[in-house]
Structures are given as structure tokens and as C-alpha cells.
Amino acid sequence: MNQRLLTIKASNDVCADEIKHLSAIAGMLDIEHCAIDLNGEIDSFEKELCDAGKYDFLYLGAHANTESFGESDGCPTYAWDELALALCSSDCLNYGSVLMLGCCRGGLKEVAYQLFCACDKIDYICGPRWTVTGPDISAGFHVYIYNHVVRREQPSTSIMRASKATGYDFFIYDRVELEDEIEAYRNRMQRAP
């Protein structure tokens, strides 16, 4: 069975060429590509996910900060845990799937904690830590997917090569590796006022 990639467009200014690039990469690597626009309520997005099957890679194209993602002007904005809950409820992730955050700040550990805490079906989260452009992000993920799928490299090696290729730091977080930290984060959030 072929692997599957879902691109989620959560911002109107995510470049069409960025999505075409990811689609072309998927085609070269024999990965089935699907796309969804997240331009409304999270509930309708969740229904689309339920109807679309399971994925090995999810690519989120958006603007982001540590609390949320969406349009550059902040309207609409979606909380990270809303995305995670939709992914969990729709049961759209295959085992070992990778959530690729194609947005500035998507590689922050704080973002990964929020996603992991809200959905235990997310295995890996990767993204850039700093401000990057669409071409930087799609080139980084091209290198990542090539190394992960074709060369069968472990995720940390694949993301290191993406960082080296683009000159920007991309990070990947593994749920199993962070389990103790995730639990400490969850406890800290429950105690917060």
C-alpha cells in the first residue's frame, strides 16, 4: 500500500507553488497526495478528515505562533490543541505518521507539547523553529521526505539533512522520546490558573 500525504492549507497566502511542489515530491516518491483547505470551522475540517482515510504525512501550511496557527492577520486562528483533537477524533493518522508544520515557529517544543498532549495518535512533529519562507519550508520538507522514504533514514537524520540543505534549523519531536516531558507539561498546565 502506498504512503499518503495530506496538505492542509490554513492560510490564504500559502503559495500555490508550495502546494504544487509538495504534490510533485509526492508523485516522484509514489506517495498519494490529497489536499484540504481549512477555511472555516474546525468541525467541518474534522468531517473532511474522517471521509478522507489515513495518512502517513500531514503538511500544515499556515502562519503560526506558540498558541495558534492560521492567517497572517490572525483571523481566523486555530489553537494547536484544536488541530490535534480533530486529527485524533477523525482517526486519520497511520502508525508512525509525521505531522509537518510548514509554518514559522512550527519547530518549537512548546507547539509539539500542545499537540502531543491533545492527541496520543501523533507520533512525530517536525518544523522550522524560526521565520522562514514557503520555498525554504517546502525545500526542507522535500529533503526530509526523500531521506525518510527513499533512504530509509531515521527521522532525526532526515531532519538534520533538511536543516543542512536549507541553512535553517528544522526540528523533529518523537512522542516516545518526550513521554516524560509531555507528562510533566500536562501536569504543569493542569495546575496553571
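The structure reproduced in this document is the subject of the present report. From a predicted model like this one, the values you see are computed outputs, not experimental measurements.

1. Let's talk about the layout of surface pockets
Piece 1. Considered as a void within the structure, the largest pocket measures approximately 170 Å³ in volume.
Piece 2. As for the largest pocket, its lining consists of 13 residues, of which Glu18, Ala62, His63, Val132 and Gly134 are closest to the centre.

2. Considering the state of the cysteines
Piece 1. Taken as a whole, this structure holds 1 disulfide when the rule is applied.
Piece 2. A disulfide bridge connects cysteine 88 with cysteine 119, and the sulfur atoms are separated by 2.3 Å. Measuring handedness by torsion sign, the sulfur bridge of cysteine 88 and cysteine 119 sits at about 90° and is right-handed. Of this pair, cysteine 88 sits in helix 3 (residues 80-90) while cysteine 119 is found in the loop between helix 4 (109-118) and strand 8 (124-128), placing the two residues 31 residues apart along the sequence. Cysteine 119 shares its class with cysteine 88; the two are buried.

3. Things to note about the pattern of salt bridges
Piece 1. Summed over all chains, the structure comprises 8 salt bridges.
Piece 2. With its nearest N and O atoms 2.9 Å apart, the salt bridge here joins aspartate 51 to lysine 47. Of this pair, aspartate 51 and lysine 47 both sit in helix 2 (residues 42-52), 4 residues apart, roughly one helical turn. Of the two residues, aspartate 51 and lysine 47, both sit in the exposed class.
Piece 3. With a closest N to O distance of 2.9 Å, arginine 161 and glutamate 153 form a salt bridge.
Piece 4. Taken together, the salt bridges that share partners define one network made up of Lys54, Asp91 and Lys121.

4. Looking at the nonpolar core
Piece 1. With 40 residues, the main nonpolar core has Leu115 and Ile122 as its most contacted residues.
Piece 2. Of all the elements in the fold, those that place two or more residues in this core are strand 1 (4-9), strand 2 (32-37), helix 2, strand 3 (55-61), helix 3, strand 7 (93-102), helix 4 and helix 7 (175-191).
Piece 3. Leaving out residues up to four positions away in the same chain, isoleucine 122 has contacts with Ala84, Leu87, Leu93, Leu99, Leu115, Phe116 and Arg175.
Piece 4. The next biggest cluster of nonpolar side chains, apart from the first, holds 22 residues, and it includes Leu5, Ala26, Phe141 and Ile172.

5. Considerations on the environment of aspartate 174
Piece 1. Along the chain, aspartate 174 turns up in strand 9 (residues 170-174).
Piece 2. Between the C-alpha atoms of aspartate 174 and glycine 127, which are 47 residues apart in sequence, the distance is 12 Å.
Piece 3. Non-local contacts of aspartate 174, meaning those with residues more than four positions away in its chain, are made with Phe116, Asp123 and Tyr124.

6. Remarks on unusual backbone geometry
Backbone geometry follows two general trends: most residues other than glycine have a negative phi, and most peptide bonds adopt the trans configuration.
Piece 1. In this model, arginine 105 sits at a positive phi of 70°, which is unusual for a non-glycine residue.
Piece 2. Assessed through its relative accessible area of 32%, arginine 105 is described here as partly exposed.
Piece 3. Backbone geometry places arginine 152, a non-glycine residue, at a positive phi of 55°.
Piece 4. Relative to the helices and strands, arginine 152 resides in the loop between helix 5 (134-150) and helix 6 (155-166).
Piece 5. Since its relative accessible area comes to 71%, arginine 152 is described here as exposed.

7. Considering the packing of aromatic side chains
Piece 1. Evaluated as defined, the whole model comprises 6 aromatic pairs.
Piece 2. Ring geometry for tyrosine 113 against tyrosine 185: centres 5.0 Å apart, planes inclined by 35°, an arrangement best described as tilted. Placement of tyrosine 113 in helix 4 and of tyrosine 185 in helix 7 is noted, with a sequence separation of 72 residues between them.
Piece 3. Here tyrosine 113 falls in the buried class, since its relative accessible area comes to 9%.
Piece 4. Judged by its relative accessible area of 5%, tyrosine 185 falls in the buried class.
Piece 5. Members of the aromatic cluster, joined through ring pairs, are Tyr59, Phe141 and Phe170.
Piece 6. In this structure, arginine 129 is placed above the aromatic ring of phenylalanine 171, and the distance from its NZ or CZ to the ring centre is 3.7 Å.

The rules behind each value
- Residues numbered from 1 in each chain as written.
- Predicted model: local features only at pLDDT ≥ 70, side-chain atom pairs only at ≥ 80, totals over all residues.
- Heavy atoms only, no water.
- 1 Å grid on protein atoms, 1.4 Å probe; cavity = no way out; pocket = protein on both sides within 12 Å on 5 of 7 lines; lining within 4 Å.
- Points joined across faces, edges and corners; volume = space filled by probe spheres on them.
- Disulfide = S-S within 2.5 Å.
- Helix = DSSP H or I, 4+ residues; strand = E, 2+ residues; numbered from the N terminus.
- Buried < 20%, exposed > 50% of the residue type's maximum accessible area, 1.4 Å probe, protein only.
- Salt bridge = Lys/Arg side-chain N within 4 Å of Asp/Glu carboxyl O.
- Core = buried A, V, L, I, M, F, W, Y, C linked by side-chain atoms within 4.5 Å.
- Contact = heavy atoms within 4.5 Å.
- Phe/Tyr/Trp six-rings, centres within 6.5 Å; stacked < 30°, edge-to-face > 60°.
- Lys NZ or Arg CZ within 6 Å of the ring centre and 35° of its normal.

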